[in-house]
Every structure is written in C-alpha cells, then in structure tokens.
Amino acid sequence: MINFTKFENIDLANSLIEKALAFKTDPRVNENKGNGKRIGLIFLNPSLRTRMSTQLAASNLGVESFVLNMDKESWALEMQDGVVMNQNKVEHIRDAAAVLGGYFDILAIRAFPTLTNKEEDISDFVINQFIKYSGVPVISLESAIRHPLQSLADMVTIRENFKENRKPKVVLTWAPHIKAIPHAVANSFSEWAIGCDYDLTITHPHGYELDKKFTNGATIEYDQTKALADADFVYVKNWSAFTPYGKILSVTGEWLLNESKFGENTHAKVMHCLPVRRNLELSDEILDGNRSLVQHQAKNRIFAAQAVIDTML
Ligand code: CP
C-alpha cells in the first residue's frame, strides 16, 4: 500500500480491519514505531472526527502530526496546470504539494467535491494533484468521491458487532437533508461493503442512483420498508443526485428513519458517519436508542487511521 485513497482488495481490507481491532485492545502496542516520523494533515474543508481521530492515531504510534486548515490559514491554491496565475490564486498546487512533501513523511488530505464540475470531481482531481506533486504517501481524509478512513472504521464496527456464521445483510438508506451533500461516504461505504463480500442493498428515492462504479454488486430497492425487513446493519446517509449532478430532487414519501419503519426487525443496528442533523436525517429515537452504533463508529475512526498509518510505516 503506497497511498490510502480507496478499497484495494479484500486481503488488505481484512488485514486493516484485524489490525484496527488489535489497536483497539491495546492502542499503545506500537507506540515507538513512528518515532522521528511526521504526518501533515491538510484540510481544505471542516472536520471534527477525521482531524481528531487521525491525530490520536498518529500519537498512539509515536508519529508527530501537524494540521493545516489550508482553506482558511494558507494561500489560495491554483489547482490547474499550465494557467497564467493573474487572478486571485496565490500559490500553485505543484509548489505547495512539493513543499509539504519535503516537510512530511506522510501527507493526509481532505478535499471535498465542487458538486458543480462533475468531470473534475469524479476524476478526484484535487487529491490526485497532491499525489502527483508531493512525492510522499498520501492518505485520503475524504476526497471528492470517497471517504476510505470512514469506511474502514465502518467495516471494523460491523466486524465487531456481527458474530453469526453468515454474510451480514447491510442496507444503505438515503436520508433527507436541506443541502446538497457529496457522494463520498455513500460511494465508499458501498465500495467497501461489496469489496468485503457483504450482502448490500441500497434504498433511495427514484433519481438518487449513485455512480454505478461504486454500486455494482449491490441490490437497489426503492421501497425503504422492504429493504429494512431483514437488515442486520442500516447505514443512514444523505447524498445529492448524481444525475443531474449535485442537485436536490423533490421526493415522495417519508424517508426519515424511525422505529416504526423496522416492523418486526428488532435486531438491526443503525450507523451514521456523523455529523448528523437530528430529526432531519435521523430521529432522536434511533440515535439515542439501543440500535445506534454511531459512537462506536466515531471511536473506531482512531483505530482505522492507526491501522493505515501503521501499515504505511
Ligand atoms: N465522519 C467524518 O468524517 O466526520 P468529520 O467530517 O467531522 O471529520
């Protein structure tokens, strides 16, 4: 593994999941492994969990971490190659990434999509510019199209909460929102659940089909109640339309998940990556009830990041 930006293969996924679970049992077992190493965490967008959990993961391994909120604290970056920089962009990604690559052993980047330039977003342009010009291993802290550290933590959470000798039945359900939200968490969750050979059903209103590149192998079910009937894990997430790109569509029916939607399914656990808008995306009743795994997921972000950094070291 050189960069960590997506699901690679089931062997690597299993090895990272097992490593994360081992770190959860003994977070400091490799506390000197990263002595003398430095990781730069570069944020072009806000974060609570990703920033804190990755810093904690680095600390557990003896790696020094440095955070730059590049969107607020640094120069406005020009991302395109070959342009005359006579507008408001002050520094080229080519120069900034090379400088950061010279400072750090590992770079970790958060770069959300524009949701306006579909071609650029689906090429994962910004993180790939960092990979191209930094010359050091890069970890995605959520890119335009994927959130692999979140998905790894989600797979760890499913592994530790499912003890039956069969594939878990996992449902990814669309949830309402007032803003146009990126596809990264939904894409990545689908990519990892299918890659880990789980039985994945995706339920959403008509028009909210995700990029097929990420959902090939999943069952699409437009009836949410039917999808939930025998689920073991229900992952709740909003995303904007993929076509037309980044738009909010009008939706018929009630998509907010509440207890009554589960019918006789008393065992299903509910997941969400957070942050969550309570009673818009997910009800208080579910978030604060026995089904909720959201705090487990957030805690597992530390050990997922630790497994990735340890493997890179
Ligand atoms: N789930 C997640 O990535 O949270 P943050 O955006 O707060 O990092």
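The rules behind each value
- Residues numbered from 1 in each chain as written.
- Predicted model: local features only at pLDDT ≥ 70, side-chain atom pairs only at ≥ 80, totals over all residues.
- Heavy atoms only, no water.
- Axes fitted to C-alpha atoms, helices over the stretch in contact; angles between N-to-C directions.
- Helix = DSSP H or I, 4+ residues; strand = E, 2+ residues; numbered from the N terminus.
- Parallel < 35°, antiparallel > 145°, perpendicular 65-115°, else oblique.
- Left-handed = near helix turned anticlockwise from the far one by under 90°.
- Contact = heavy atoms within 4.5 Å.
- Nonpolar A, V, L, I, M, F, W, Y, C, P; charged D, E, K, R; others polar.
- Phe/Tyr/Trp six-rings, centres within 6.5 Å; stacked < 30°, edge-to-face > 60°.
- Lys NZ or Arg CZ within 6 Å of the ring centre and 35° of its normal.
- Pairing = 2+ DSSP bridges.
- Near = heavy atom within 4 Å.
- Polar contact = N/O pair within 3.5 Å; in protein donor to acceptor, adjacent residues only side chain to side chain.
- Areas by Shrake-Rupley, 256 points an atom, 1.4 Å probe, with all protein chains shown as cover.

**Student:** Just checking my understanding: could you explain the packing of helix α4 (residues 93–103) against helix α6 (residues 125–134) for this structure?
**Tutor:** The relative placement of two packed helices is expressed as an angle between their axes plus a distance between the axes. One can describe the packing of α4 onto α6 by two numbers: an axis separation of 8 Å at closest approach and a directional angle of 60°. In terms of axis orientation, α4 runs oblique to α6. With respect to the hand of their crossing, α4 and α6 are arranged in right-handed fashion. On the side of α4, the interface is formed by Ile93, Arg94, Ala97, Ala98, Leu100 and Gly101, while α6 contributes Gln129, Phe130, Tyr133 and Ser134. A class-by-class count of the residues in the contact of α4 with α6 yields 6 nonpolar, 3 polar and 1 charged.

**Student:** How should I be thinking about the packing of aromatic side chains in this particular structure?
**Tutor:** In this description, a pair of aromatic rings is defined by centroid distance and the angle of the planes. Counting across every chain of the model gives 9 aromatic pairs. Within the aromatic cluster, the residues linked to one another by ring pairs are Phe4, Phe7 and Trp192. Across the ring face of Phe242, the terminal group of Lys118 is positioned such that the distance to the ring centre comes to 4.0 Å. In this arrangement the basic side chain of Arg291 is found over the ring face of Phe262, its NZ or CZ atom lying 3.9 Å from the centre.

**Student:** Sorry if this is basic, but what is going on with the sheet that holds strand β10 (residues 233–237) here?
**Tutor:** Whether parallel or antiparallel, the strands of a sheet pair through hydrogen bonds between backbone atoms. Pairing is parallel across the open sheet formed by 5 strands, whose spatial order is β9-β8-β7-β10-β11. With partners counted over all chains shown, the strands left at the sheet margins are β9 (219–220) and β11 (269–271), one partner each. Alignment of strand β7 (residues 169–174) against β10, held across 5 bridges, turns out to be parallel. Following the sheet pairing, Leu172 is matched in β10 by Tyr235. Lying over the sheet, helix α8 (residues 184–195) contacts β7, β8 (199–203) and β10, oriented at roughly 155° with respect to β8.

**Student:** What is the right way to look at the site of the ligand in this model?
**Tutor:** What surrounds the ligand is the set Ser47, Leu48, Arg49, Thr50, Arg110, His147, Gln150, Cys273, Leu274 and Arg301. A distance of 2.7 Å separates an oxygen atom of the ligand from a polar atom in the backbone of Leu48. In this structure, His147 approaches the ligand through a side-chain N or O atom, which is 2.8 Å from an oxygen atom. Considered on its own, the ligand offers 250 Å² of accessible surface; in the complex 93% of this is hidden by protein. Within the shell around the ligand, the residues separate by chemical class into 3 nonpolar, 4 polar and 3 charged.

**Student:** Help me out: how do you make sense of the sheet that holds strand β2 (residues 64–69) in this one?
**Tutor:** Pairing is parallel across the open sheet formed by 4 strands, whose spatial order is β2-β1-β5-β6. The open sheet terminates on both sides in strands that have one partner only, identified here as β2 and β6 (138–140). The average angle at which neighbouring strand axes cross in this sheet is 20°, direction not considered. Across 6 bridges, the pairing between strand β1 (residues 38–43) and β2 is parallel. Across the sheet, Arg38 pairs through a bridge with Glu64, a residue of β2.

Shape is all these values report; function is a separate question.
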